[in-house]
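# A structural walkthrough
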Amino acid sequence: MSTVIANEPVLKSPQELFDFIEKLKEKRERKLQKPCVYVCVGTGCTASGSRKVYAKFVEVIKAKGLDIKIEKIDDDDEPVKKTGCCGLCSLGPLVKIMPSGITYSHVTVNDVEEIVERTLLKGEAIERLLLTDPITDKKVERLEDATFFKNQTFYIMEAVGTSECESIEDYMARGGYSSLAKVLSGMDRLEIINLIKASGLRGRGGGGFPTGLKWEAAYKSQGDIKYVVCNADEGDPGAFMNRTLLERDPHSVLEGMIIAAYAIGARKGYAYIRAEYPIAVEMFNKAIEDAKRYGLLGKSILGTDFSFDLYVKEGAGAFVCGEETALLASIEGKRGVPRPRPPFPAQSGLWGKPTLINNVESYANVPKIIRDGVENYRKRGVENSPGTKMFSVTGPLKLTGIIEIQFGTTIRYILENICGGTSNGRKIKAIQIGGPSGACLPEELFDLPLDYDSLKSVGAMVGSGGIVAITDDRCMVEVARFFLDFTKRESCGKCVPCREGTMQAYNILEKFTQGKATYEDLENLEYLSEIIKTASLCGLGKTAPNPIISTLKYFRPEYIEHIEGKCPSGMCTAFKKYVIIPEKCKSCSLCARSCPNGAISGERGKPYVIDQEKCIKCGLCVTKCKFGAIELVG
């Protein structure tokens, strides 16, 4: 648990906060030079048993309480810390030992005793538990030396492996809340807004709208009551940037929200977090309580006349609630469906009041901008997309997880220099970027700088920040069908183009994957996609056909081949054909007896045959045949 100091006086002025932060900075530097264990307790590592590992470390270290090194740790510090996700969930549970920085992967409770004895007390590295760098194929002792981490640009995800996710003091010791102190020391509200505008910060949750313009609109809107809302309804399958940030550094988001509230004149706010993220909800609620304890939330913050209260609203998991007007309706207790705009939420949002709504990562950028200044902030990224961006990278790659890169980094760099290329040796022929309603881009565009405008120029978008690597054995028509199946099911049903259009487009795609499509279907699919894109009510509907439009643009020959009776990747079941090779068949009848549809027949002494009309292409016969007599063709 975080070590909130007992009887700590509430900070009563910005200067008191500044002074307190300086003390904590010195303390943290000393702490990192002493023996300490950091155990990742993010969702990924927790699922792999990291909390049991954490408990075991506490138990073992307490049992060895006579050890001098452990006893030297500050009285108010525990020798075992909970740290947030470092992005490499596939290797969890991850454990980092300080001060050496030695990091272990796939740690189990059975390893704890040995780690304490050999690494914590003697400084020895245990080779079998070290990370293996998939690019160099060598063992590395420290996270920072692994290619996956070395080639990233950590900014929002600072202090990887040593940030204490449950400790407000640790956040302060890293400079946290100094931006709030600076703001409340006398910065004018318009000065703050102009700073955010000058930084070029663009919304990290979707289309990249300039954040400063949103703030300015909310500030200028008339009204005694205004709200600040954080959109943490991360519904994209395989994307968990927001969850990671809330679990590893909730105070960075909280500080950004408090500053935003001060800038636009709001006194109340909501963080809308998916109920499927219980650890993130727990972390953020704890962050709110700790901030209140120090006088950073509530009435008369830091002794000023600024008051702000914040509440967590747990979402029920509807994808459409990621759309901001649907999200606001959900907070109001209504069904989460979008509404036409204008008016925009900055003019008329929650209960008809001016409301500023930003994404988790957008808020986390705000304290950095104020702390580091616009010039330093803009050193990362490119002119029209300054700063960094977190991405969730999945697919058949050697390393997958959450990464942070500066805008302008190429897709190829991410795939090869951070994720280490494919795990199965196959060539990557495409990526799908921006979540389920994102576009599919071919290998020829992998050297494109990754930023809002470059992606838009090729029909793609940064979107939520999901990247899926697709190898050359995957069918792009099936990929489009897969993603449309998700958006079809998640359509709220309010507008006809999205509700009916996605259903009809899905039916046409199924005809392609079932070998029944015609050239007329191809024309209808293109026409229908444009209708959905143009006429849908909200951004989710307008972007739903992106996987179709992009695959038609970059992988059109695959659609043509399906019409002509072939799936070039061999992935679509309808084009597959199981045949029995007569020379190899021993007429043992095992395949016939295992076939669930009675599609195989024959008689003793003669090769068996498969009735293609009855065959459901389950492949069970292949697994049963002991002589390799059944092959898949087509």
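Shown above is the structure to which this text applies.
This text gives an overview of the structure that appears in the document.

Scoring rules and cut-offs
Residues numbered from 1 in each chain as written. Predicted model: local features only at pLDDT ≥ 70, side-chain atom pairs only at ≥ 80, totals over all residues. Heavy atoms only, no water. Salt bridge = Lys/Arg side-chain N within 4 Å of Asp/Glu carboxyl O. Helix = DSSP H or I, 4+ residues; strand = E, 2+ residues; numbered from the N terminus. Buried < 20%, exposed > 50% of the residue type's maximum accessible area, 1.4 Å probe, protein only. Pairing = 2+ DSSP bridges. Axes fitted to C-alpha atoms, helices over the stretch in contact; angles between N-to-C directions. Contact = heavy atoms within 4.5 Å.

### As for the pattern of salt bridges
- For the structure on display, the rule yields 45 salt bridges.
- One salt bridge in this structure joins Lys56 and Glu59, with 3.5 Å as the shortest N-O distance. With a gap of three residues between them, Lys56 and Glu59 both fall in helix α3 (residues 50–63), about one helical turn apart.
- When its relative accessible area of 48% is taken as the criterion, Glu59 is described as partly exposed.
- One connected set of salt bridges, linked through shared partners, spans Arg28, Glu158, Asp170, Arg174, Asp249, Lys368, Arg371 and Asp372.

### Notes on the sheet that holds strand β7 (residues 227–232)
- Spatially, β9-β8-β7-β10 is the arrangement adopted by the four strands of the open sheet, whose pairing is parallel. Looking at strand neighbours, the two that pair on one side only are β9 (309–315) and β10 (355–359), the edges of this open sheet. Between one strand axis and the next, the sheet turns by 20° as a mean value, whatever way the strands run.
- Taken together, the six bridges between β7 and strand β8 (residues 268–274) define a ladder with parallel strand orientation. Looking at β8, one finds that Cys230 is bridged to Ala271.

### Topic: unusual backbone geometry
- Following Gly92, the chain continues into Pro93 via a peptide bond in cis, with omega recorded as -5°.
- You can see Pro93 is positioned in the loop between β2 (80–83) and β3 (95–98).
- Residue Arg341 is joined to Pro342 through a cis peptide bond whose omega torsion reads 0°.
- Mapped onto the elements, Pro342 comes out in the loop between α14 (324–331) and β10.
- Positive phi, normally seen in glycine, also occurs at Tyr177, with a value near 70°.

### Some points on the environment of Pro210
- For Pro210, the position within the fold is in the loop between α9 (189–199) and α10 (211–220).
- For the pair Pro210 and Gly200, spaced ten residues apart in the sequence, the C-alpha separation amounts to 6.8 Å.
- Excluding residues within four positions of it along the chain, Pro210 makes contact with Leu201 and Arg202.

### Things to note about the sheet that holds strand β14 (residues 401–406)
- Strand order in the open sheet formed by five strands is β14-β13-β17-β15-β16, with mixed pairing between adjacent strands. Every other strand in the sheet has two partners, leaving β14 and β16 (439–442) as the edge strands with one partner each. Going from strand to strand, the sheet's axes swing by 30° on average, the running direction of each strand aside.
- Here strand β13 (residues 388–394) pairs with β14 via six bridges, running antiparallel.

No statement about biological role is implied by the geometric values presented.
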